[in-house]
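Structural characterization, general
For reference, the chains in residue letters:
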Amino acid sequence: NAGVTQTPKFQVLKTGQSMTLQCAQDMNHNSMYWYRQDPGMGLRLIYYSASEGTTDKGEVPNGYNVSRLNKREFSLRLESAAPSQTSVYFCASSILADTQYFGPGTRLTVL
Amino acid sequence: SQQGEEDPQALSIQEGENATMNCSYKTSINNLQWYRQNSGRGLVHLILIRSNEREKHSGRLRVTLDTSKKSSSLLITASRAADTASYFCATDAWYGNKLVFGAGTILRVKS
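About the criteria used
- Residues numbered from 1 in each chain as written.
- Chains lettered and ligands numbered in written order.
- Predicted model: local features only at pLDDT ≥ 70, side-chain atom pairs only at ≥ 80, totals over all residues.
- Heavy atoms only, no water.
- Contact = heavy atoms within 4.5 Å.
- Buried area = accessible area lost by both parts, 1.4 Å probe.
- Salt bridge = Lys/Arg side-chain N within 4 Å of Asp/Glu carboxyl O.
- Helix = DSSP H or I, 4+ residues; strand = E, 2+ residues; numbered from the N terminus.
- Nonpolar A, V, L, I, M, F, W, Y, C, P; charged D, E, K, R; others polar.
- Disulfide = S-S within 2.5 Å.
- Buried < 20%, exposed > 50% of the residue type's maximum accessible area, 1.4 Å probe, protein only.

1. Re the interface of chain A and chain B
- Contact residues are listed per partner, giving 23 residues for chain A and 22 residues for chain B.
- Where chain A abuts chain B, roughly 1,700 Å² becomes buried across the two surfaces, and 51% of that area is made up of carbon and sulfur atoms.
- Across the chain A-chain B interface, the total number found is zero salt bridges.
- Mapped by element, the contributors of at least two residues to the side of chain A that touches chain B are β4 (31-38) and β5 (42-49) of chain A.
- Here the residues of the side of chain A that touches chain B are counted per class, giving twelve nonpolar, seven polar and four charged.

2. Let's talk about the state of the cysteines
Residues and elements named next belong to chain A.
- A complete count under the given rule lists two disulfides over all chains for this structure.
- In this model Cys 23 forms its disulfide with Cys 91; the gap between the sulfur atoms is 1.8 Å. Torsion about the S-S bond of the Cys 23 and Cys 91 cystine: about -70 degrees, corresponding to left-handed handedness. Placement of Cys 23 in strand β3 (residues 19-25) and of Cys 91 in strand β9 (residues 87-94) is noted, with a sequence separation of 68 residues between them.
- Residue Cys 23 is classed as buried on the basis of its relative accessible area of 3%.
- Residue classification places Cys 91 among the buried residues on the basis of a relative accessible area of 0%.

Pasting the structure below:
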């Protein structure tokens, strides 16, 4: 089992460009999450999906959209990237509000 | 705003010593979890303690929970250089399948 996978690992964007971060899990988990991690800030929840077909905003949703494509896949889209979105993005999955399993992260730089 | 706050922000110890990290939170919880993050990697779950538990052990890890003080501690005994990492506490929000993470404690174990 691969666990949680994320693509790409690194990305550099110019201000105003768009991109989609991909996440997939093979553990048959119901819930999936997108976080961003900035220095000294811990992880902040952007969006989450409690189950297939549902998505909800987290603490910092502005500037992002998500799609729960199916039970395995949960993508995060930046429609018009801004320098403030420079961060490391982590996807995670879990069965319930229990142990979360994290992907390796995507390092995004917006110039 | 973050639910969990870790203390200290950084800790440097010698190999073989014990390391203690503390976490305080603000609202009622169902469970509290501790995660480890090695540099440049995703978070890895260490241990979960439920609100009706006071202490839990896993190998060299000991976690305590005091719900009256809204605080938890993580003790790593006989530390090793490989324990060098950031450690985060996470609490479940009272609504939804979500976790709220603290800013973390950076532990450095010198050999």
